[in-house]
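Summary of the model geometry
Here are the chains, one letter per residue:
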Amino acid sequence: AMGQVVNVFAGTLGSILIVSGNEHYTQKMTLIFTGFLIVMLVILIPQLGSLGAAISIAVSGTGLSLATVWQAEKIIGMKVIPDFGLVSRHKIKK
């Protein structure tokens, strides 16, 4: 369930990165997390069965979504996860 919450925040950011000419970031992130998924599947399925597969998919999908959110904020400047006023946007003068 938590993985789906992160996916909701990520939304269509992968598509936005592709359309904005940053498809190489999306490709690189997808390849990294697919490799991570395969390694997790190989390790967890023999030990936990279908639960191991579910955990692997949830963790890699959540990681990909968080990486996409981070890249979109870093490259495009698009902020999608609200901070609810918890982070001050004002710089402290010294």
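The structure contained in this document is the topic of the report that follows. Not measured: the values here are computed from a predicted model.

Each value, and the rule that gives it
- Residues numbered from 1 in each chain as written.
- Predicted model: local features only at pLDDT ≥ 70, side-chain atom pairs only at ≥ 80, totals over all residues.
- Heavy atoms only, no water.
- Helix = DSSP H or I, 4+ residues; strand = E, 2+ residues; numbered from the N terminus.
- Buried < 20%, exposed > 50% of the residue type's maximum accessible area, 1.4 Å probe, protein only.
- Contact = heavy atoms within 4.5 Å.
- Expected span 1.5 Å × (residues − 1).
- Polar contact = N/O pair within 3.5 Å; in protein donor to acceptor, adjacent residues only side chain to side chain.
- Axes fitted to C-alpha atoms, helices over the stretch in contact; angles between N-to-C directions.
- Parallel < 35°, antiparallel > 145°, perpendicular 65-115°, else oblique.
- Left-handed = near helix turned anticlockwise from the far one by under 90°.
- Nonpolar A, V, L, I, M, F, W, Y, C, P; charged D, E, K, R; others polar.

**Things to note about the overall build of the protein chain**
A tally of regular secondary structure across the protein chain gives four helices and zero strands. Mapped from its N terminus to its C terminus, the protein chain presents α and β elements in the order α-α-α-α. Looking at the 94 residues of the protein chain, the share that counts as buried comes to 24%. A fraction of 60% describes how many contacts in the protein chain between residues 6 or more apart in sequence connect residues 24 or more apart.

**With respect to the environment of G14**
Along the chain, G14 turns up in helix α2 (residues 13-19). In this structure, the C-alpha to C-alpha distance between G14 and A72, residues 58 residues apart in sequence, is 8.2 Å. Not counting the four nearest positions on each side in its chain, G14 is found in contact with T26 and T68.

**Some remarks on helix α4 (residues 50-76)**
An ideal rise of 1.5 Å per residue puts 39 Å on 27 residues; α4 measures up with 38 Å between its terminal C-alpha atoms. Regarding α4, the residues found buried are G52, A53, S56, S60, T62, G63, S65, A67, T68, V69, Q71 and A72. A positive backbone phi angle near 85° is found at G77, which sits one or two residues after α4.

**A short note on the side chain of S56**
Within the secondary structure layout, S56 lies in helix α4. With relative accessibility at 0%, the residue S56 sits in the buried group. Among the polar contacts made by the side chain of S56, one reaches the main-chain carbonyl oxygen of G52 at a distance of 2.7 Å. Once residues within four sequence positions are removed from consideration, S56 is found in contact with L37, M40, L41 and L44.

**Remarks on the packing of helix α3 (residues 23-48) against α4**
Close contact between α3 and α4 brings their axes to 8 Å; oriented N to C, the two are set at 160°. Judged by the angle between their axes, α3 and α4 are roughly antiparallel. Considering the relative orientation of α3 and α4, their crossing is right-handed. Residue classes in the contact of α3 with α4 are distributed as 18 nonpolar, eight polar and no charged.

**Focus on the side chain of S60**
Residue placement: S60 occurs in helix α4. Looking at S60, the relative accessible area reads 6%, which means it is buried. For S60, the contacting residues outside a window of four places in its chain are F33, F36 and L37.

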